[in-house]
Amino acid sequence: MNKRVEEILNKQIEAEAVSSQLYLAMASWAESSGINGTADFLYLHSDEEREHMLKLVRFVNERGGRAIIPSLNIPEQDFESLTNVFTLLLEHEIKVTNMINEIVFVCLEEKDYSTHNFMQWFVAEQLEEEALARNILDKLKMIGNDKAGLYLFDRDLETLQNADPNGAQA
Ligand code: OFO
């Protein structure tokens with residue numbers, strides 16, 4: 001496998017692991033704060049990030065490269081509010097999207113068209129993840145500090161996970 005591509009895919013393996021840990025920390029915070037729908041949503045999201053990491057690990061190894069399993073720093077453990085959680089989540093996803101775009105760029109520079117093709121799944125996934133996070137933040141903005149609204153939001157969050165990211169309501 002092309003060394004430059006292998007290196008940047010290994011960086012992405014680390015980024016997906018970081019995402020998984022961050023969302024796990026958010027899930028744990030939500031659960032211990034009694035926000036259980038949000039906790040379920042974030043636990044599931046953390047699992048998905050681990051799957052993204054595994055997808056990359058297996059691809060690198062199958063292509064004759066060597067996937068490196070990273071050690072990670074302790075993620076943020078305390079969050080001010082749901083808005084704080086989902087603002088951080090969106091910021092994190094935007095960072096990940098930029099990393100994915102950089103990989104696509106390197107693949108083209110190195111004429112590695114099969115990795116380029118493989119990465120298209122991640123390009124589409126990032127679009128969905130960013131749209132979902134924006135959708136959730138919009139709902140939180142509408143709700144503001146209304147306790148009943150926040151209760152319903154938490155209850156409905158699991159449904160939102162499966163909603164059309166292009167605007168369909170949960
Ligand atoms: Fe792996 O999609 Fe989010 O980070």
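Residues numbered from 1 in each chain as written. Predicted model: local features only at pLDDT ≥ 70, side-chain atom pairs only at ≥ 80, totals over all residues. Heavy atoms only, no water.

S.K.: How do you make sense of the packing of helix H2 (residues 36-62) against helix H3 (residues 82-109) when you look at a structure like this?
M.R.: Two quantities define a packed helix pair, namely the angle between the helix axes and the distance between the axes. Packing of H2 against H3 brings their axes to within 13 Å, and their N-to-C directions diverge by 15°. Judged by the inter-axis angle, H2 sits roughly parallel to H3. Handedness of the H2/H3 crossing: left-handed. Contacts between H2 and H3 pair Thr38, Phe41, Leu42, His45 and Glu49 from the former with Leu82, Val85, Phe86, Leu89 and Glu93 from the latter. Of the residues that constitute the contact of H2 with H3, the class distribution is 6 nonpolar, 2 polar and 2 charged. (Axes fitted to C-alpha atoms, helices over the stretch in contact; angles between N-to-C directions. Helix = DSSP H or I, 4+ residues; strand = E, 2+ residues; numbered from the N terminus. Parallel < 35°, antiparallel > 145°, perpendicular 65-115°, else oblique. Left-handed = near helix turned anticlockwise from the far one by under 90°. Contact = heavy atoms within 4.5 Å. Nonpolar A, V, L, I, M, F, W, Y, C, P; charged D, E, K, R; others polar.)

S.K.: Looking at this model, I keep getting lost on the packing of aromatic side chains. Mind explaining?
M.R.: In total, this model carries 6 aromatic pairs according to the counting rule given. Ring centres of Trp121 and Phe122 lie 5.0 Å apart, and the angle between their planes is 85°; on these two criteria the pair is classed as edge-to-face. Given the relative accessible area of 36%, Trp121 is considered partly exposed. The exposure class assigned to Phe122 is buried, which follows from its relative accessible area of 1%. Of the aromatic side chains, those joined through ring pairs into one cluster are Phe59, Phe118, Trp121 and Phe122. Taking the ring centre of Trp121 as reference, the NZ or CZ of Lys55 above it sits at 4.3 Å. (Phe/Tyr/Trp six-rings, centres within 6.5 Å; stacked < 30°, edge-to-face > 60°. Buried < 20%, exposed > 50% of the residue type's maximum accessible area, 1.4 Å probe, protein only. Lys NZ or Arg CZ within 6 Å of the ring centre and 35° of its normal.)

S.K.: Would you mind showing me how to read the packing of H2 against helix H4 (residues 113-143) here?
M.R.: The geometry of H2 relative to H4 is characterised by a closest axis approach of 12 Å and an angle of 170° between their N-to-C directions. The pairing of H2 with H4 is recorded here as roughly antiparallel in orientation. Contacts between H2 and H4 involve Phe41, His45, Glu48, Glu49, His52, Lys55, Leu56 and Phe59 from the first element and Ser114, Thr115, Phe118, Met119, Trp121, Phe122, Glu125, Glu129, Leu132 and Ile136 from the second.

S.K.: Can you help me understand the pattern of salt bridges in this one?
M.R.: Opposite charge on two side chains permits them to pair, given that their charged atoms come into close proximity. Scanning all chains against the criterion turns up 6 salt bridges. Here Asp112 makes a salt bridge to Arg63, at a shortest N to O gap of 3.8 Å. With Asp112 in the loop between H3 and H4 and Arg63 in the loop between H2 and H3, this pair connects stretches of sequence that are 49 residues apart. According to the relative accessible area criterion, Asp112 is buried, its value standing at 7%. (Salt bridge = Lys/Arg side-chain N within 4 Å of Asp/Glu carboxyl O.)

S.K.: Is there a simple way to explain the side chain of His92 in this structure?
M.R.: Inspection of the secondary structure assignment puts His92 in helix H3. Apart from residues no more than four positions distant in its own chain, His92 is found in contact with Ala15, Val18, Ser19, Leu22 and Tyr23.

S.K.: Mind showing me how you'd approach the confidence of the model for the protein here?
M.R.: One rule of thumb: low pLDDT means the predicted coordinates there are not for detailed reading. The predicted model of the protein averages 92 in pLDDT, with 93% of residues at 70 or higher. Taken as a whole, residues 165-170 scores under 50 in pLDDT and shows 10 contacts with residues more than four places along the chain or in a different chain. (pLDDT = per-residue confidence, 0-100.)

S.K.: How should I be thinking about the environment of Glu14 in this particular structure?
M.R.: Within the element layout of this structure, Glu14 appears in helix H1 (residues 3-32). The spatial distance from the C-alpha of Glu14 to the C-alpha of Leu72 is 8.0 Å, given a sequence separation of 58 residues. With residues near it in sequence (within four places) discarded, Glu14 still touches Pro70, Ser71 and Leu72.

S.K.: For this particular structure, what's the right way to read the nonpolar core?
M.R.: Nonpolar side chains in soluble globular proteins tend to end up buried together. Core analysis: the largest hydrophobic core is formed by 24 residues, its most contacted members being Met26, Leu42, Phe86, Ile136 and Phe153. Of all elements in the fold, only H1, H2, H3, H4 and helix H5 (147-161) reach the threshold of two or more residues within this core. Apart from the residues within four sequence positions on either side, Met26 is in contact with Leu42, Phe79, Val85, Leu88 and Leu89. Met53, Phe59, Met119 and Phe122 belong to the second largest nonpolar core, which has 20 residues in total. (Core = buried A, V, L, I, M, F, W, Y, C linked by side-chain atoms within 4.5 Å.)

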